[in-house]
Amino acid sequence: MLGLAHNELLALKGVCDNDHVPRIEELEADNRKLQLKITELEDSVDESQTKVNQAEKSKSRLSMELEDTSIELDRVKNDLSTMDKKQRKVDQMVSEWKSKFDLDTTKNKPWSGRYRRPVRML
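Given the structure is predicted, the values throughout are model-derived calculations rather than measurements.

(A) Seen up close, the packing of aromatic side chains. Counted by the stated rule, this structure contains zero aromatic pairs. The ring of Trp-97 is capped by Lys-100, whose NZ or CZ atom sits 5.1 Å from the centre of that ring.

(B) Fine view of the pattern of salt bridges. Counted under the stated rule, the structure contains five salt bridges. Note that Arg-23 is salt-bridged to Glu-26, the shortest N-O span being 3.1 Å. Within this pair, Arg-23 and its partner Glu-26 are both found in helix α1 (residues 2-107), separated by three residues, close to a single helical turn. Owing to a relative accessible area of 42%, Glu-26 belongs among the partly exposed residues under this scheme. With a shortest N-O distance of 2.9 Å, Arg-88 and Asp-84 are connected by a salt bridge. Of this pair, Arg-88 and Asp-84 both sit in helix α1, four residues apart, which is roughly one turn of that helix. A residue is classified by how much of its surface remains accessible, and Arg-88, at 47% relative accessible area, is partly exposed. Taking the relative accessible area as the measure of exposure, Asp-84 reaches 39% and is therefore partly exposed. One network of salt bridges, in which partners are shared, links Glu-72, Arg-75 and Asp-79.

(C) Structural detail: a negative patch on the surface. Together, Glu-40, Glu-42, Asp-43, Asp-46 and Glu-47 make up a region of like negative charge exposed at the surface. Tracing the backbone shows Glu-47 in helix α1. On the basis of relative accessibility, which here comes to 51%, the residue Glu-47 falls in the exposed class.

Cut-offs and rules
Residues numbered from 1 in each chain as written. Predicted model: local features only at pLDDT ≥ 70, side-chain atom pairs only at ≥ 80, totals over all residues. Heavy atoms only, no water. Phe/Tyr/Trp six-rings, centres within 6.5 Å; stacked < 30°, edge-to-face > 60°. Lys NZ or Arg CZ within 6 Å of the ring centre and 35° of its normal. Salt bridge = Lys/Arg side-chain N within 4 Å of Asp/Glu carboxyl O. Helix = DSSP H or I, 4+ residues; strand = E, 2+ residues; numbered from the N terminus. Buried < 20%, exposed > 50% of the residue type's maximum accessible area, 1.4 Å probe, protein only. Patch = residues over 30% accessible without salt bridge, like charges linked within 9 Å, V, L, I, M, F, W, Y side chains within 5 Å. Areas by Shrake-Rupley, 256 points an atom, 1.4 Å probe, with all protein chains shown as cover. Lys, Arg positive; Asp, Glu negative; His and termini not counted. Charge placed at Lys NZ, Arg CZ, Asp CG, Glu CD.

Structure follows, in structure tokens:
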């Protein structure tokens, strides 16, 4: 009986060696390939995360610059409005002075255009 069990064991060992060992080696090779692929993908994820972080920093910096520029634009618009009001006041004053000057010159019109020539004495 022991001999029969031993023979069965050898027969099963032969079947395992012939059928299962090559399959195990094939699965181990596939496992190594998958581990390499996982490592590559993890590296790719790390690189992508680094790029995302850099993009977020750039976005933050650009957002701050945009906010600063918007504030500066508002300030310049206010300055422009103030200057425009001042310019209108100056234009109004110039217009008033022109009309006043024109009125003064029309009062003195009789001798406008004629200049007195000094009389020569001999």
